[in-house]
Amino acid sequence: MNALKQLDNGLFGTPESIAALETKKDITLLILSDSHGQTAVVKNIVKDFGPESDCLIFCGDGISDILEIFNKSLTNVSLAQSIPSVAALIRGNGDSDRYPVKFCPGDNDRKEFFHEIKIPRSISFVAGNNKIYLVHGYMQNVYWGLSKLKAEAETAAAAIVLFGHTHLAARAEKGPLYLNPGSCSIPRNGLPPSFALLRYPAGTTEYTATFYEIRSRLTGGYKYIPFIPPALNLF
């Protein structure tokens with residue numbers, strides 16, 4: 001369960017939950033991006049995979065979908081329990097830098113109708129002793145290559161680089177791990193709508209990235225089918 005408090009570094013959680021994430025021995029990250037208004041899809045993914053995850057990561061373009069889930073968790077106990085104790089949200093080119101929310105993101109729990117949060121363009125944080133660099137990708141021109149993103153990752157001394165924007169699920173390991181979960185609503189180039197789980201033992205590069213295709217069930221809801229995405233071209 002997430003406390004829905006936004007700290008100065010942009011993460012949602014508590015100082016205690018973020019400190020615990022930094023040194024946890026085995027890490028599971030739930031990574032989504034580019035939902036573009038498909039709140040129901042995001043909600044189902046969080047309910048199905050959030051309980052087993054240490055951190056919810058959203059790589060931009062659909063911040064309102066995540067925040068709607070946060071708002072609904074105030075009156076939905078099962079949904080609240082599904083949101084990992086730490087969440088990292090990044091602003092995409094289709095997102096605003098500020099949003100009104102019904103929960104109080106600070107320490108002063110004033111009974112206001114709406115509170116306001118700010119969504120950063122990038123976040124660096126540590127999970128399982130590995131530093132993660134999170135951006136959307138539009139400012140790094142990832143459609144045309146990853147050279148700018150690679151330079152930023154080197155400056156940040158990141159072991160894991162997560163981004164979205166292209167709507168193309170992909171991964172590569174050349175130095176850091178680079179991972180794009182794809183779009184969970186509007187994929188491109190014939191790829192399915194998707195998201196990813198990233199698992200690893202703390203302080204290692206023994207990454208297990210599982211990408212899931214999202215399919216609708218005839219009886220309602222969704223089913224998730226693992227698939228292998230293309231390799232990223234880092235040059």
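What counts, and at which threshold
- Residues numbered from 1 in each chain as written.
- Predicted model: local features only at pLDDT ≥ 70, side-chain atom pairs only at ≥ 80, totals over all residues.
- Heavy atoms only, no water.
- Buried < 20%, exposed > 50% of the residue type's maximum accessible area, 1.4 Å probe, protein only.
- Helix = DSSP H or I, 4+ residues; strand = E, 2+ residues; numbered from the N terminus.
- Pairing = 2+ DSSP bridges.
- Right-handed = clockwise from strand over helix to strand, strands pointing away.
- Axes fitted to C-alpha atoms, helices over the stretch in contact; angles between N-to-C directions.
- Parallel < 35°, antiparallel > 145°, perpendicular 65-115°, else oblique.
- Left-handed = near helix turned anticlockwise from the far one by under 90°.
- Contact = heavy atoms within 4.5 Å.
- Core = buried A, V, L, I, M, F, W, Y, C linked by side-chain atoms within 4.5 Å.
- Salt bridge = Lys/Arg side-chain N within 4 Å of Asp/Glu carboxyl O.
- Polar contact = N/O pair within 3.5 Å; in protein donor to acceptor, adjacent residues only side chain to side chain.

Peer 1: Please clarify how the pairing of strand 2 (residues 55-58) should be interpreted in this entry.
Peer 2: Two faces make up the sheet, and in a regular strand the side chains alternate between them. The two faces of strand 2 match: Cys55 and Ile57 on one face and Leu56 and Phe58 on the other face are all buried. Bridge analysis of strand 1 (residues 26-32) against strand 2 gives four bridges, and the strand direction is parallel. Bridging from a neighbouring strand, Ile31 pairs with Ile57 of strand 2. With helix 2 (residues 39-49) bridging strand 1 and its parallel neighbour strand 2, the resulting β-α-β unit is right-handed. Pairing of strand 2 with strand 3 (residues 86-89) involves four bridges; the strand directions are parallel. Its bridge partner lying in strand 3, Cys55 is registered against Val86.

Peer 1: I'm lost on unusual backbone geometry in this one. Help?
Peer 2: Keep in mind that most residues, glycine aside, have a negative phi and that most peptide bonds are trans. Residues other than glycine seldom take positive phi values, yet Leu4 does so here, at roughly 60 degrees. Positionally, Leu4 belongs in the segment before helix 1 (15-23). Even without glycine at this site, His36 takes up a positive phi of about 50 degrees. Looking at where His36 falls in the secondary structure, it is placed in the loop between strand 1 and helix 2. Residue His36 is classed as partly exposed on the basis of its relative accessible area, which comes to 35%.

Peer 1: Just checking my understanding: could you explain the packing of helix 2 against helix 3 (residues 63-72) for this structure?
Peer 2: A pair of packed helices can be characterised by two numbers: the angle between their axes and the separation between those axes. Look at helix 2 against helix 3: their axes get within 9 Å of each other, and the N-to-C directions meet at 60 degrees. Here helix 2 lies oblique to helix 3, going by the angle between them. As helix 2 runs across helix 3, the sense of the crossing is right-handed. Side by side, helix 2 and helix 3 meet where Thr39, Val42 and Lys43 of the first sit next to Asp65, Ile66, Glu68 and Ile69 of the second.

Peer 1: Got a minute to help me understand the nonpolar core in this structure?
Peer 2: Across soluble globular proteins, nonpolar side chains show a tendency to be buried alongside one another. In terms of nonpolar packing, the biggest core is built from 31 residues, with Leu32, Ile45, Leu67, Phe70 and Phe195 touching the most fellow members. Ignoring anything within four residues of it in the chain, the contact list for Phe70 reads Leu4, Phe12, Leu56, Ile83, Ala87, Leu89 and Phe103. The next biggest cluster of nonpolar side chains, apart from the first, holds 29 residues, and it includes Ile27, Ile123, Ala196 and Phe211.

Peer 1: Which parts of the structure should I look at to understand the sheet that holds strand 8 (residues 160-162)?
Peer 2: Whenever strands of a sheet pair, they do so through backbone hydrogen bonds, lying parallel or antiparallel. The five strands are arranged 6-7-8-10-9 in an open sheet whose pairing can be described as mixed. Where the open sheet ends on each side, the last strands, each with one partner, are strand 6 (122-127) and strand 9 (170-173). The sheet shows a mean angle of 15 degrees between the axes of neighbouring strands, direction not considered. Summarising the sheet, strand 9 and strand 10 (residues 177-180) pair through four bridges and their orientation is antiparallel. Across the sheet, the residue bridging to Ala170 is Asn180, located in strand 10. The sheet contacts of helix 5 (residues 147-156) involve strand 6, strand 7 (130-135), strand 8 and strand 10, and relative to strand 7 the element is tilted by about 140 degrees.

Peer 1: What am I meant to see in the pattern of salt bridges here?
Peer 2: For side chains of opposite charge, pairing can occur when their charged atoms come near one another. Applying the stated criterion across every chain yields a total of six salt bridges. The shortest N-O distance in the salt bridge between Lys24 and Asp54 comes to 3.4 Å. Of this pair, Lys24 sits in the loop between helix 1 and strand 1 while Asp54 sits in the loop between helix 2 and strand 2, and the two are 30 residues apart along the sequence. For Asp54, a relative accessible area of 14% translates into the label buried. Arg171 is paired through a salt bridge with Glu173; the nearest N and O atoms lie 2.1 Å apart.

Peer 1: Explain the side chain of Ser183 to me, please; I cannot follow it from the model alone.
Peer 2: Checked against the element boundaries, Ser183 lands in the loop between strand 10 and strand 11 (194-201). At 2.7 Å, the side chain of Ser183 and the backbone oxygen of Asp34 are in polar contact. Residues contacting Ser183, with those up to four places away along its chain left out, are Ser33, Asp34, His167, Pro192, Pro193 and Ser194.

Nothing here speaks to function; it is all geometry.
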